[in-house]
Amino acid sequence: MKKILYYAALLFAGTFLTTSCVGDLNQYPHIETTSADVYTSAANYKAVLGKLYVSFVISGQEKGGGNSDMSSNSGYDYLRCYFNMQECGTDELVYTWQEGDKMSGLTYLSWDANDVWVSDTYYRIYYTIALCNEFLRNATDGQISAFSESEQEEIRHYRAEARFIRALAYTHALDLFRNVPFVTEGDPVGNYLPPRYTGKQLFDNLESELKAIDDDLLDRTACEYGRASRSAAHALLARLYLNAEIYTGTARWTDCITYCNRILTAGYTLEDDYALLFNADNHLRTNEIIYAFPVDSERTMTWGATTYIICGSINNTSDTQLPTDYGVPSGWGSFRLRGEFPNLFDANDSRAMFYTEGQTQSVDVVESQSNGYLSEKWTNLTDAGEAGSPSNDGSASTDFPVFRLADVYLMLAEAVVRGGEGSSRTTALSYVNALRMRAFGNDSGNITDGQMTADFILDERARELYMECVRRTDLIRYGKFTTASYLWQWKGGTITGQAVDDKFNIYPIPSTELTANPNLYNETY
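Residues numbered from 1 in each chain as written. Predicted model: local features only at pLDDT ≥ 70, side-chain atom pairs only at ≥ 80, totals over all residues. Heavy atoms only, no water.

**Side note on the overall build of the protein chain**
Broken down by element type, the protein chain carries 17 helices and 8 strands. Taking 2.2 N^0.38 as the reference for a compact globule, 525 residues should give roughly 24 Å; the C-alpha atoms of the protein chain span a radius of gyration of 22 Å, in line with that estimate. The C-alpha extent of the protein chain, read off along each of the three principal axes, is 65 × 50 × 50 Å. Intrachain contacts of the protein chain at a sequence separation of at least 6 include 69% that bridge at least 24 residues. Per element, the accessible surface of the protein chain, about 18100 Å² overall, is 48% carbon and sulfur. Looking at the protein chain, you have 42 positive and 69 negative side-chain charges, and the mean spots of the two groups are 3 Å apart. (Helix = DSSP H or I, 4+ residues; strand = E, 2+ residues; numbered from the N terminus. Rg over C-alpha atoms; globule rule 2.2 N^0.38 Å. Contact = heavy atoms within 4.5 Å. Areas by Shrake-Rupley, 256 points an atom, 1.4 Å probe, with all protein chains shown as cover. Lys, Arg positive; Asp, Glu negative; His and termini not counted. Charge placed at Lys NZ, Arg CZ, Asp CG, Glu CD.)

Put into C-alpha cells, the structure is as follows:
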C-alpha cells in the first residue's frame, strides 16, 4: 500500500461530513453537522483537508462509493465524470455501452441540459467547492488563534491548499460550463442563490486567488506527496493562461510562459520511461509529476478514477487480451480509440501503446468491442510487473497525474509559437525534442524549427497527453472541436464525422440548477 499520510485521516474526516445536493432550492452541497466539534485540533484540520483532496477520486465514505457523499444519476466519482466529459466526445475515445450508460450525448456531441453526465459532473464540481468553502470558514486567523504558532503556520498551509483545490474545481467549471454560479466561504450556507459569473469574471478571480496563495503553499521539496505544492498552483495558472483567449477573449501567451518558467526552475526532470508515469508505482515519479490525484485500492477503493480508465480500456469479449497483463482481474470493454487517432503516431513512437490483435482500426460500429484499437497506456502493474492492488478486488492503485513536466514543456512551446515572450523558439524546440527523444529512444524523431508549428504542437499534445483529460480543451482552443476543420469518426453522429453547432464548445448548466437558481441561464441551449 502506498504511504500517503493524509489518507490515514480520511475515515475520521468522513464521519463529520455529510451532504445533500439535488432536490430542493439549495442545489449546493452543505455541511450539516458538528463543525464546532471537528475543528478542535490541528490534526483534525489535516483530516478534513484529506477529504477535500480525495473528493476528486471517491464518491462516498465506504469502498466502491458506499455511504455516498451526495445523490447523483450515476453515483460515480468526480474523475470518472470529468474523464468522460473531456475524452469521450473527442477523436481519442469512443464509448461502447451507449444506451446502458447514457453516453450517446457525449459520444456524438449532441447533449442537452438534461444529460446525466453533464449534470453529475456539474454537481461533483460544486460538491468539492462546498467542502473547500466549509473548511475555509473554519480556518480563519480568528478560528485558529487558540493553537500554537507552529500549528497555526501548518493550518495556513492547509488553508492555501484548500484554496488551490477550490480553484482547480472552479477551473473545471470555467472550462466545461463557462458562465457559472460563484460561491465562497464568505457567502451564507443554506438557501443562498449565488450570482452568475461570466467566464472573464471567474478567470480574473482564479488568477487573483492563485497568486494570493503563492507564499503559503509549500515548495515541492517540502511538500508531502499528494498535496499541492507551489508548483502545482503555477501549473494551474499556466494552463489558465494557455486557454485565456477562449475564456476571456484576450490571449495571455506571455503570462503562460512566465509560469512555465517558474516551474522549470523548480528542479523537475523528465522520467526516462514514459510508461512508468501511468503504472501503479507512479507515485514514485515526483521528478516529473507535479501534482496527482492519489488512488489506492486499500484506502480509496473506487470503481471510478483510474480503475475506470484501466479496466475500461480492456476488451471483455477477447480471448487474447488478458486483464491480468494489466494488473486487474477483469476488463470492462468501456472504450476504444477512434479510427483516426492512431494515425497521429509515427511507427517508432513508443507512446503508441495500442492493443491491436483482433481489433480493426476503424470504428464502423460504435458498440462493437472489436472496432477500434485499445489503449495500453494505463496499467495497475508495479515496476516489478505485479498487480498493484494486494486485495485483487478489481480496483486500481494507479495515481492520476494532473500536471506533469511534459505538459509544461508543451504549454511553453505553444505559447512561444503563438507569439508569447519570455522564452525563445530555440528553447521551446529543445523541450519538444526532449519529449520526442524519450518517445523514440534516440534523435530519429526530432523535428526542426520549421516543423514546430502550432498544429504540430496540438498533435504532439495528443501523442504525449492522450487519456489525461486535456484533449477536449485543446481542440476547442484550436477551433477544431465543433467545426469542419477537423473531423473524426462519429463526430456529430456520422461515421465520417461532421461539424456541429458551436454551442457544444461548452456544456449547459443542468436544467435542475436553472430551476433552482433564477440567476442562471444558458445562452445557447
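**As for the nonpolar core**
Phe 135, Phe 164, Phe 177 and Tyr 291 are the most contacted members of the largest nonpolar core, which has 154 residues in total. Take this core: its biggest share by element is 14 residues, from helix H7 (residues 149-177). Ignoring sequence-local partners within four residues, the contact set of Phe 164 consists of Leu 210, Ile 213, Ala 228, Ala 232, Ala 233, Leu 236, Tyr 291 and Phe 403. (Core = buried A, V, L, I, M, F, W, Y, C linked by side-chain atoms within 4.5 Å. Buried < 20%, exposed > 50% of the residue type's maximum accessible area, 1.4 Å probe, protein only.)

**Focus on the pattern of salt bridges**
Following the criterion strictly, the structure yields 38 salt bridges and no others. Residue Arg 166 is joined to Glu 185 by a salt bridge in which the shortest nitrogen-to-oxygen separation is 2.6 Å. Of this pair, Arg 166 sits in helix H7 while Glu 185 sits in the loop between strand E2 (180-181) and strand E3 (196-197); the two residues are 19 residues apart in sequence, bridging distant segments of the chain. One salt bridge connects Arg 351 with Glu 464, and the closest N-O pair in it is separated by 2.9 Å. One end of the pair, Arg 351, is in the loop between strand E5 (335-337) and strand E6 (354-355); the other, Glu 464, is in helix H15 (residues 454-465), with 113 residues separating them in the sequence. Each of the two residues, Arg 351 as well as Glu 464, counts as buried. Among the ionic contacts, a cluster of salt bridges with common partners joins Glu 288, Asp 346, Asp 349, Arg 351, Lys 377, Arg 404, Arg 436, Arg 438, Glu 460, Arg 463, Glu 464 and Glu 468. (Salt bridge = Lys/Arg side-chain N within 4 Å of Asp/Glu carboxyl O.)

**Details of the pairing of strand E8 (residues 400-404)**
The element E8 is largely enclosed, with a buried count of 5 among its 5 residues. As defined by bridge partners, strand E4 (residues 289-293) adjoins E8 across 4 bridges and the pair is classed as antiparallel. Looking at E8, one finds that Phe 293 is bridged to Phe 400. (Pairing = 2+ DSSP bridges.)

**Some remarks on the side chain of Asp 296**
Within the element layout of this structure, Asp 296 appears in the loop between E4 and helix H12 (305-312). For Asp 296, which is buried and forms no salt bridge, the nearest opposite charge comes from Arg 299, at a distance of 5.9 Å. From its side chain, Asp 296 meets the backbone nitrogen of Glu 298 in a polar contact 2.8 Å long. Here Arg 299 takes part through its backbone nitrogen, which lies 3.0 Å from a polar atom of the side chain of Asp 296. (Polar contact = N/O pair within 3.5 Å; in protein donor to acceptor, adjacent residues only side chain to side chain.)

**Brief notes about the environment of Glu 154**
By secondary structure assignment, the location of Glu 154 is in helix H7. Measuring from C-alpha to C-alpha, the distance between Glu 154 and Tyr 45 comes to 9.5 Å, with 109 residues separating the pair along the chain.

**Description of the confidence of the model for the protein chain**
Here the protein chain shows a mean pLDDT of 92. Residues at 70 or above account for 92%. Mean pLDDT values for the elements of the protein chain range from 38 in helix H1 (residues 10-14) up to 99 in helix H13 (residues 405-417). (pLDDT = per-residue confidence, 0-100.)

**Examining the packing of aromatic side chains**
Under the defined criterion, the tally for this structure stands at 41 aromatic pairs. Both rings, one in Tyr 39 and one in Tyr 45, keep their centres 4.9 Å apart while their planes meet at 55°; by these two values the pair is tilted. The exposure classification of Tyr 39 matches that of Tyr 45, with both residues buried. Summarising the aromatic geometry, the rings of Tyr 241 and Tyr 259 are spaced 5.8 Å apart at their centres and angled 35° between planes, so their arrangement reads as tilted. Here the residue Tyr 241 occupies a position in helix H9 (residues 230-242), and Tyr 259 occupies one in helix H11 (residues 253-264), the gap between them amounting to 18 residues. Here the guanidinium or amino end of Lys 377 rests over the ring plane of Phe 278, the centre of that ring lying 4.5 Å away. (Phe/Tyr/Trp six-rings, centres within 6.5 Å; stacked < 30°, edge-to-face > 60°. Lys NZ or Arg CZ within 6 Å of the ring centre and 35° of its normal.)

**Things to note about H15**
Here H15 is 12 residues long and its end C-alpha atoms lie 16 Å apart, about the 16 Å a rise of 1.5 Å per residue gives. Counting buried residues in H15 gives 9 out of 12 residues, a clear majority hidden from the surface. Buried within H15 are the following residues: Phe 456, Ile 457, Leu 458, Glu 460, Arg 461, Ala 462, Arg 463, Glu 464 and Leu 465. Downstream of H15 by one or two residues, Met 467 has phi in the positive range, about 65°. (Expected span 1.5 Å × (residues − 1).)

**A closer look at the packing of helix H4 (residues 78-87) against H7**
Axis separation between H4 and H7 bottoms out at 12 Å; the angle between their running directions is 30°. As the angle between them shows, H4 and H7 are arranged roughly parallel. Pair H4 / H7 crosses with left-handed handedness. On H7, the residues touching Tyr 78, Tyr 82, Met 85 and Gln 86 of H4 are Ala 169, His 172, Asp 175, Leu 176 and Phe 177. A breakdown of the residues in the contact of H4 with H7 according to their chemical character gives 6 nonpolar, 2 polar and 1 charged. (Axes fitted to C-alpha atoms, helices over the stretch in contact; angles between N-to-C directions. Parallel < 35°, antiparallel > 145°, perpendicular 65-115°, else oblique. Left-handed = near helix turned anticlockwise from the far one by under 90°. Nonpolar A, V, L, I, M, F, W, Y, C, P; charged D, E, K, R; others polar.)

**Some words on the environment of Val 366**
For Val 366, the location among the structural elements is in the loop between E6 and strand E7 (374-375). Sequence-wise, Val 366 and Asn 191 are 175 residues apart; in three dimensions their C-alpha atoms are separated by 44 Å. In this view, Val 366 contacts Val 94, Tyr 95, Thr 96, Gln 98, Tyr 108, Arg 336 and Trp 490; residues no more than four positions away in its chain are not counted.

**As for the side chain of Gln 359**
Mapping Gln 359 onto the fold places it in the loop between E6 and E7. Of note is the side chain of Gln 359, whose polar atom sits 3.4 Å from the backbone oxygen of Ser 370. Excluding residues that lie within four positions of it along the chain, Gln 359 makes contacts with Asn 315, Arg 336, Gln 369, Ser 370, Asn 371, Gly 372, Tyr 373 and Leu 374.

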